[in-house]
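Listed below, chain by chain, are the residues.
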Amino acid sequence: MKMTFRYYGADDPVTLTAISQIPTVRSIVSAIYDVPAGGVWSRESIAALKKAAAAHGLAFEVVESVPVPEDIKLGNEKAPALIENYCENVRRLGEAGVKCICYNFMPVFDWLRSELHRPAADGSNSLAYDEQTVLAMNPAKGGLSLPGWDESYTLEGLRDLLKQYEAMTEEKLWHNLQAFLEAVIPVAHEAGVNMAIHPDDPPWGIFGLPRIITCEKNLDRFLKLVDRKENGLTFCTGSLGADPANDLVKMAGKYADRIHFAHIRNIKHTGERQFHETAHPTEYGSLDIYGIMKALHDNGFDGYIRPDHGRMIWGEDGRPGYGLYDRALGATYLSGLWEAINKGSK
Ligand code: DNO
């Protein structure tokens, strides 16, 4: 297990100095943020990020994310050239020593929450999701600013995109994902990079857009699309765990050798398709974080791991889910669990 921490680049209020002071963190998880989805990242930008991390004693071995442009998910005539650009990024990142690339295949929207600062009794606040609130929003009407919404969409652009997705079905999305993987996975193999798809968050279709990386049955299908080690998973407990039908302890064990990256966080279910994010330890949420870590450990998990969204605590006011303090507590909790599980098993 290699502990990592997400870093949003030079603009991130959570600095490399701060990250380097968190016990057990070895590598940053980052990306080149000034190239739009579909573009090729310059070797200079990749090298500069690696150098900045190294200056703080940190590696740069995990990228989150190389975003997949919508045209690839739509499988339209622009897809082949964009897939080639994607492959070029995989090659360049491999050359620079990156070992794992996280990406997702969610149409239009990345992760969704209905509330950014749900207050808790102890004065902290965290992200929350309530399906009714989300469904009452209309993305085509605009005015939305939530963490998963891509702020670069104009209202016109978003309407146009939603229109292009009107005929999209789950089966077509599977088909387009397969075409993407068939091109990218052999390149990843050559480049020494593991690809790690992020589950859909929440793991069900939303606004009429299909989502497919959602449950055990679909993960089985995904891994067989291209049945090679480099075609792997980001095991995000908060995303998959939003659906109580997902047995995360079982899944962690079953997929351990294809999980290249683990995002570990806890959530508390408060109703049907309703939850809020909590502190990482098992006792605060609905997920058995100890059981998940043990299943990973006992099944030989050897990938990267990071604490995931944190609450805002101690007066911090940062990027939703990505402040310093609670994620740092999460990292040390997870490393502590791992040490205890590991020593206890000897
Ligand atoms: C949210 C993140 C996601 C993730 C992407 C991966 O906190 O886990 O935005 O980075 O879905 O492509």
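Here the structure is shown first, and the text comes after it.
As the structure is a prediction and not an experimental result, all values here were calculated from the model.

Asks: Sorry, what's going on with the packing of aromatic side chains here?
Replies: How two aromatic rings sit relative to each other is set out by the distance from centre to centre and by the angle between their planes. Throughout the structure, instances matching the rule amount to eleven aromatic pairs. Between Tyr8 and Tyr33 the ring centres are 5.6 Å apart and the planes differ by 35°, which places this aromatic pair in the tilted class. Taken together, the positions of Tyr8 in the loop between β1 (2-6) and α1 (16-20) and Tyr33 in the loop between β2 (27-30) and α2 (43-54) put the pair 25 residues apart, joining distant regions of the chain. Of the residues examined, Tyr8 reaches a relative accessible area of 13% and is grouped as buried. Note on Trp111 and Tyr322: the rings are 6.4 Å apart at their centroids and 85° apart in plane angle, and the pair reads as edge-to-face. With a gap of 211 residues between them, Trp111 in the loop between β4 (100-104) and β5 (115-119) and Tyr322 in the loop between β12 (304-307) and α12 (325-344) connect regions that are remote in the sequence. For the pair shown, Trp111 and Tyr322 are each scored as buried. An aromatic cluster is defined as three or more aromatic residues linked by ring pairs; in this entry it consists of Tyr8, Tyr33, Trp111 and Tyr322. The aromatic ring of Tyr304 is capped on one face by Lys2, whose charged end is 4.9 Å from the ring centroid.

Asks: Quick question: what am I supposed to make of the side chain of Ser27 here?
Replies: Within the element layout of this structure, Ser27 appears in strand β2. Residue class for Ser27 comes out buried when judged on its relative accessible area of 3%. Within polar-contact distance, the side chain of Ser27 engages the backbone oxygen of Ala59 at 3.1 Å. One polar contact links the side chain of Ser27 to the main-chain amide nitrogen of Glu61, over a distance of 3.1 Å. In this structure Ser27 touches Met3, Thr4, Phe5, Leu58, Ala59, Phe60, Glu61 and Val62, once residues within four positions along its chain are discounted.

Asks: Before we go on, may I ask you to explain the packing of helix α8 (residues 216-225) against helix α10 (residues 248-255) in this structure?
Replies: Axis angle and axis distance: for two packed helices, these are the angle between their axes and the distance between the axes, and together they describe the pair. Packing of α8 against α10 leaves a shortest axis separation of 11 Å and a crossing angle of 15°. It follows from the interaxial angle that α8 and α10 lie roughly parallel. Like other packed secondary-structure pairs, α8 and α10 cross with a definite hand, here right-handed. Contacts between α8 and α10 involve Glu216, Leu219, Asp220 and Leu223 from the first element and Lys250, Met251, Lys254 and Tyr255 from the second. Broken down by class, the residue content of the contact of α8 with α10 amounts to four nonpolar, no polar and four charged.

Asks: What is the right way to read the sheet that holds strand β11 (residues 274-277) from this model?
Replies: Through backbone hydrogen bonds, the strands of a sheet pair up, either in parallel or in antiparallel fashion. Strand order in this open sheet of four strands is β5-β6-β11-β10, and the pairing throughout is antiparallel. Pairing within the sheet leaves two strands with one partner each, and these edge strands are β5 and β10 (267-271). With strand direction ignored, the average angle separating the axes of adjacent strands in the sheet is 35°.

Asks: Just checking my understanding: could you explain empty space enclosed by the protein for this structure?
Replies: Where empty space is left in the structure can be found by rolling a water-sized probe over the atoms. For the coordinates displayed, the defined rule picks out two cavities of 30 Å³ or more. Empty space within the largest cavity amounts to approximately 60 Å³. Contributing to the lining of the largest cavity are 13 residues, with Gly38, Gly39, Val66, Pro67 and Asn89 lying nearest its centre. Here the lining of the largest cavity is built from residues that sort into nine nonpolar, four polar and no charged. Empty space within the second largest cavity amounts to approximately 40 Å³. For the lining of the second largest cavity, the leading source of residues is strand β6 (residues 125-130), giving three residues. Class assignment for the residues of the lining of the second largest cavity results in four nonpolar, five polar and no charged.

Asks: Explain helix α11 (residues 289-298) here, please?
Replies: Residue pairs spaced three or four apart in an α-helix point in one direction, given the helix's 3.6 residues per turn. Here α11 lies mainly inside the structure; seven of its ten residues are buried. Within the sequence span of α11, burial applies to Ile289, Gly291, Ile292, Met293, Ala295, Leu296 and His297. In this structure, the buried residues of α11 make contact with β8 (231-236), α9 (237-240), α10, β9 (259-264), β12 and α12. After α11 finishes, the residue Gly300 shows a positive phi value of roughly 80°.

Asks: Sorry if this is basic, but what is going on with the sheet that holds β12 here?
Replies: With respect to topology, eight strands assemble into a closed barrel ordered β1-β2-β3-β4-β7-β8-β9-β12, the strand pairing being parallel. Ignoring which end each strand starts from, the neighbouring axes of this sheet average 30° apart. In this sheet, β12 lies alongside β1 in parallel orientation, the contact comprising two bridges. Each bridged residue has a counterpart across the sheet, and for Lys2 the counterpart in β12 is Tyr304. Against the sheet, helix α7 (residues 170-191) contacts β4, β7 (194-198) and β8, and its axis sits at roughly 150° relative to β7. Set on the sheet, α10 makes contact with β8 and β9; between it and β8 the angle comes to about 150°.

Asks: Which parts of the structure should I look at to understand the site of the ligand?
Replies: In the vicinity of the ligand lie 14 residues, with Glu64, Ser65, Asp110, His309 and Tyr322 positioned nearest. In the environment of the ligand, an oxygen atom lies 2.9 Å from a nitrogen or oxygen atom belonging to the side chain of Asn104. Tyr322 has a polar side-chain atom sitting 2.6 Å from an oxygen atom of the ligand. Against a free-state accessible area of 330 Å², the protein chains account for coverage of 97% of the ligand.

What counts, and at which threshold
- Residues numbered from 1 in each chain as written.
- Predicted model: local features only at pLDDT ≥ 70, side-chain atom pairs only at ≥ 80, totals over all residues.
- Heavy atoms only, no water.
- Phe/Tyr/Trp six-rings, centres within 6.5 Å; stacked < 30°, edge-to-face > 60°.
- Helix = DSSP H or I, 4+ residues; strand = E, 2+ residues; numbered from the N terminus.
- Buried < 20%, exposed > 50% of the residue type's maximum accessible area, 1.4 Å probe, protein only.
- Lys NZ or Arg CZ within 6 Å of the ring centre and 35° of its normal.
- Polar contact = N/O pair within 3.5 Å; in protein donor to acceptor, adjacent residues only side chain to side chain.
- Contact = heavy atoms within 4.5 Å.
- Axes fitted to C-alpha atoms, helices over the stretch in contact; angles between N-to-C directions.
- Parallel < 35°, antiparallel > 145°, perpendicular 65-115°, else oblique.
- Left-handed = near helix turned anticlockwise from the far one by under 90°.
- Nonpolar A, V, L, I, M, F, W, Y, C, P; charged D, E, K, R; others polar.
- Pairing = 2+ DSSP bridges.
- 1 Å grid on protein atoms, 1.4 Å probe; cavity = no way out; pocket = protein on both sides within 12 Å on 5 of 7 lines; lining within 4 Å.
- Points joined across faces, edges and corners; volume = space filled by probe spheres on them.
- Near = heavy atom within 4 Å.
- Areas by Shrake-Rupley, 256 points an atom, 1.4 Å probe, with all protein chains shown as cover.

None of this, on its own, says anything about what the molecule does.
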